[in-house]
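# Structure at a glance
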Amino acid sequence: MRQLLARQRGKKHNIPIAVLISGTGSNLQALIDAEAVNRLSATIRVVVSSKDTALGVKRAQNAKIKTEIVRPSDYSTREEHDETLAKLLLRSSVEFVCLAGYTCIVGPRVLEAFPNRVLNIHPSLLPAFPGLNAPQQAMQFGVKITGCTVHIVTDVVDGGPIVAQGAVPVLDGDTTEALAARILAEEHRIYPQVVRWFCERRVHVNGRMVTIDRHPLDDEGDG
Ligand code: GAR
């Protein structure tokens, strides 16, 4: 049985995806690293950045991934920006769009073009602490456990169906920086795993309920 599962999982899935970034791109790097060792079941076909100075652009270039810069300030309306992005993503023939520290709101054109196929990672256990500076919000509120969430993007910011969450304890004497770094490490663990689940067609979305076909080998650190 275990051999059969291992064989099934060894099956090649090379689903083309896009990653959208605005900054450091450490989650992008986690996805690049997972792809390099065949643990993503995806090929990152294009990285789109809202800023040409983003460190993530360098990471993509180092990995020889095509990059595109789409700056919101270059468009006179949100709709134009949304339309351009949707066209670019459709032209790239990607199946999934993964937001990884992308700071722009994804508009209806992109969401209509990729229904239930735009993912985001957020540094809190949603629905707690949506929006900006989530680790700081968690510290200020005094929660004992926070973490990160991968969710499907809808028109409600940070409000879409939840696919996976990782818990991170807040420690006595923690600083926002230390907490944010531990959350980020957990993000790097769960985001590639979730992308893999999607690319292996193991995710089922029913309204807000998301279920995953789990494999017994999932717990062996091989996603
Ligand atoms: C990550 O912590 C991600 O969860 C967060 O931005 C950071 C990007 O880091 N995203 C949000 O807050 C979205 N609401 P990275 O550029 O190193 O991946």
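Higher on the page you've got the structure.
Overview of the structure. (Residues numbered from 1 in each chain as written. Predicted model: local features only at pLDDT ≥ 70, side-chain atom pairs only at ≥ 80, totals over all residues. Heavy atoms only, no water.)

Buried within helix α6 (residues 134-141) we find A134, P135 and A138. Mapping the buried residues of α6 onto a view down its axis gives an arc of 105 degrees, with all of them on the same face. The inward-facing, buried residues of α6 abut β5 (118-122), β6 (145-152) and α7 (176-199). (Buried < 20%, exposed > 50% of the residue type's maximum accessible area, 1.4 Å probe, protein only. Helix = DSSP H or I, 4+ residues; strand = E, 2+ residues; numbered from the N terminus. Arc of directions from axis to C-beta. Contact = heavy atoms within 4.5 Å.)

As a further point, take the state of the cysteines. With the rule as written, the count across this model stands at 0 disulfides. Here C104 is not cross-linked by a disulfide; its sulfur's nearest cysteine counterpart is in C98, at 16 Å. Looking at the unpaired C199, the closest cysteine sulfur is the one in C98, lying at 7.2 Å. When its relative accessible area of 1% is taken as the criterion, C199 is described as buried. (Disulfide = S-S within 2.5 Å.)

Take unusual backbone geometry next. Cis geometry is found at the peptide bond from L126 to P127, where omega equals 10 degrees. Relative to the helices and strands, P127 is located in the loop between β5 and α6. The backbone phi angle of S93 is positive, close to 55 degrees, even though this residue is not glycine. The residue S93 is located in the loop between α4 (78-91) and β4 (96-99) in this model. For D158, which is not glycine, the phi torsion reads 60 degrees and is therefore positive. Relative to the elements of secondary structure, D158 occurs in the loop between β6 and β7 (162-169). Judged by its relative accessible area of 14%, D158 is buried.

According to the stated counting rule, one finds 2 aromatic pairs in the structure shown. Seen from their ring centres, F96 and F198 are 5.5 Å apart, and the 65 degrees between their planes marks the pair as edge-to-face. Taken together, the residues span a long stretch of sequence, with F96 in strand β4 and F198 in helix α7 at a distance of 102 residues. Residue classification places F198 among the buried positions, given a relative accessible area of 7%. (Phe/Tyr/Trp six-rings, centres within 6.5 Å; stacked < 30°, edge-to-face > 60°.)

Moving on: the environment of K66. Positionally, K66 belongs in strand β3 (residues 66-69). Along the primary structure K66 and V46 are separated by 20 residues, whereas in three dimensions their C-alpha atoms are 4.9 Å apart. Beyond its immediate stretch of four places on either side in the chain, K66 contacts R45, V46 and V47. In terms of polar contacts, K66 uses its side chain to reach the side chain of E68, at 3.4 Å. (Polar contact = N/O pair within 3.5 Å; in protein donor to acceptor, adjacent residues only side chain to side chain.)

Our next topic: the pairing of β6. Within β6, 7 of the 8 residues are buried, leaving the element largely enclosed by the surrounding structure. In terms of strand pairing, β5 meets β6 through 4 bridges, oriented antiparallel. Within β6, the residue paired with H122 across the bridge is T149. (Pairing = 2+ DSSP bridges.)

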